[in-house]
Amino acid sequence: MSDPAEPMLQFFEYSHLRPDLQAVSKPFSDLAHSSIGALPRNAERTVMLRKLLEAKDCAVRAFVYASILLVALMTAIPARAADLQLKAKPGGEYYVASWAGLYFSAYGLYGVNPPSTTVTDSSGASVDLASAPHGPGIGGSIGYYFQPTPGGVVFGPRVDLAYANMQGGGSLASVLSVSNATNYLGDADLIVGLPLSPDGRFLGYLGGGFAFGGAKPNLNVLTLQQAASDTSTGWNAVAGLAYQIAPNWQLFMEGNYYQLGDKSLSVMDGATLIATSNTKYHLFTQKLGLTWKLP
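In this report, the structure presented in the accompanying data block is examined. Values in this document were obtained by computation on a predicted structure and should not be read as measured data.

As for the overall build of the chain
- The number of helices and strands found in the chain is 2 helices and 12 strands.
- Relative to all contacts within the chain whose residues are 6 or more apart in sequence, the contacts with residues 24 or more apart total 66%.

Brief notes about the environment of Gly-204
- Here Gly-204 lies in strand β7 (residues 202–215).
- Considered as a pair, Gly-204 and Ala-242 are 38 residues apart in the sequence and their alpha carbons are 6.5 Å apart.
- Residues in contact with Gly-204, not counting those within four places in the same chain, are Val-192, Gly-193, Leu-194, Leu-196, Gly-240 and Leu-241.

Quick look at the pairing of strand β4 (residues 134–145)
- Burial along β4 is one-sided: Gly-135, Gly-137, Gly-139, Ser-141, Gly-143 and Tyr-145 are buried, and none of His-134, Pro-136, Ile-138, Gly-140, Ile-142 and Tyr-144, which face the opposite way, are.
- Bridge count between β4 and strand β5 (residues 154–172): 8 bridges; the pairing is antiparallel. By the bridge assignment, Gly-143 is partnered in β5 with Arg-158.

Here we look at the pattern of salt bridges
- Scanning the model with the defined rule gives 10 salt bridges in all.
- One salt bridge in this structure joins Asp-230 and Lys-263, with 2.8 Å as the shortest N-O distance. Of this pair, Asp-230 sits in strand β10 (residues 230–246) while Lys-263 is found in strand β11 (residues 249–269), placing the two residues 33 residues apart along the sequence.
- By relative accessible area, Asp-230 is classed as partly exposed at 33%.
- Taken together, the shared-partner salt bridges connect Arg-158, Asp-160, Asp-189, Glu-254 and Lys-287 into one network.

With respect to the nonpolar core
- Grouped together as the largest cluster of nonpolar side chains are 13 residues, with contacts concentrated most on Trp-99, Tyr-145, Leu-203 and Tyr-205.
- At the level of secondary structure, the elements contributing two or more residues to this core comprise β1 (101–112), β5, β7 and β10.
- Once residues within four sequence positions are removed from consideration, Trp-99 is found in contact with Tyr-145, Gln-147, Val-154, Gly-200, Arg-201, Phe-202, Leu-203, Ala-242, Tyr-243, Gln-244, Gln-250 and Lys-293.

Here's the deal with the packing of aromatic side chains
- Evaluated as defined, the whole model comprises 11 aromatic pairs.
- A network of ring pairs unites the aromatic residues Phe-104, Trp-249 and Trp-292 as a single cluster.

Some words on empty space enclosed by the protein
- Tallied over the entire structure, the rule returns 1 cavity of 30 Å³ or more.
- Considered as a void within the structure, the largest cavity measures approximately 120 Å³ in volume.
- What lines the largest cavity is a set of 14 residues, among which Ser-105, Arg-158, Tyr-205, Phe-252 and Thr-291 lie closest to the centre.
- Taken together, the elements giving at least two residues each to the lining of the largest cavity come down to β1, β4, β5, β11 and β12 (272–293).

Some remarks on the environment of Leu-290
- With respect to the helices and strands, Leu-290 occurs in strand β12.
- In this structure Leu-290 comes out as partly exposed when scored by relative accessible area, which is 36%.
- The spacing of Leu-290 and Gln-250 is 40 residues in sequence and 5.8 Å in space, taken between C-alpha atoms.
- Excluding anything up to four places from it in sequence, Leu-290 contacts Phe-104, Ser-105, Ala-106, Ile-245, Trp-249, Gln-250, Leu-251 and Phe-252.

Regarding unusual backbone geometry
- Backbone geometry places Leu-222, a non-glycine residue, at a positive phi of 55°.
- Of note, Leu-222 is situated in the loop between β8 (218–221) and β9 (224–227).

Considering the side chain of Glu-254
- Relative to the helices and strands, Glu-254 is located in strand β11.
- A distance of 2.8 Å separates a polar atom in the side chain of Glu-254 from a polar atom in the side chain of Asn-256.
- When near neighbours in sequence (up to four residues on either side) are disregarded, Glu-254 contacts Arg-158, Tyr-205, Val-238, Ala-239, Gly-240, Thr-285, Gln-286 and Lys-287.

The rules we used
- Residues numbered from 1 in each chain as written.
- Predicted model: local features only at pLDDT ≥ 70, side-chain atom pairs only at ≥ 80, totals over all residues.
- Heavy atoms only, no water.
- Helix = DSSP H or I, 4+ residues; strand = E, 2+ residues; numbered from the N terminus.
- Contact = heavy atoms within 4.5 Å.
- Buried < 20%, exposed > 50% of the residue type's maximum accessible area, 1.4 Å probe, protein only.
- Pairing = 2+ DSSP bridges.
- Salt bridge = Lys/Arg side-chain N within 4 Å of Asp/Glu carboxyl O.
- Core = buried A, V, L, I, M, F, W, Y, C linked by side-chain atoms within 4.5 Å.
- Phe/Tyr/Trp six-rings, centres within 6.5 Å; stacked < 30°, edge-to-face > 60°.
- 1 Å grid on protein atoms, 1.4 Å probe; cavity = no way out; pocket = protein on both sides within 12 Å on 5 of 7 lines; lining within 4 Å.
- Points joined across faces, edges and corners; volume = space filled by probe spheres on them.
- Polar contact = N/O pair within 3.5 Å; in protein donor to acceptor, adjacent residues only side chain to side chain.

Shown next as structure tokens:
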């Protein structure tokens, strides 16, 4: 039977606690009351009750600690998952990069015109001379992107102009020589792109349209020469990748193919045809540049 005169029993009361903590405390209270009924009152019983009280307090704190830890984990895990997916704006909305707006680009390029120049003489015999012009250049473009939905398809017009220094030539003995040069390239294209990353910052795009370039073929037969310097027109195709390093700044890498037609030159000795050259303008360029988009 419990000793009602034991003052330490007051510390084992649990009726004021919430139900889950009452369930933790009750076994310690029951043990305290049964121990007092079975043991005589002395110093050792008091130490036993004090240790039992400490054990009860530890059990309650352990239960509360586990609950707090669970709440913290339940709060932190979704927040961490959201942080791994997309960056958030101060208002709490996810940040998806926008490509819409007016932009300006500057770039460096390297180009090549692979086809050889074919020379045909008056007898009909022909020879291909390896005169693939190649060289560096610089250029710029201006365009406008539309993007009706965040993270959706990007499209818009672009105008591009580049100065190029692509030169090359070939010769046959000391009788026949050809040279070929392209000193500028331009195009007016329609570009269509699609974001390739969840945050919309990585864009893949394709395009094409009208193109033009400065054609400068040259044909020499002994002391006779024929040359041209004009603008060839045709079409071009575009494929590129762009990445937003900041909301208004982008790095891009782009490949272009230009087909600007053929140029023919004829060397005459009076009224006699000596030789005819045919130069194809099928050019490839690789661009690397930086774009600034208006805020």
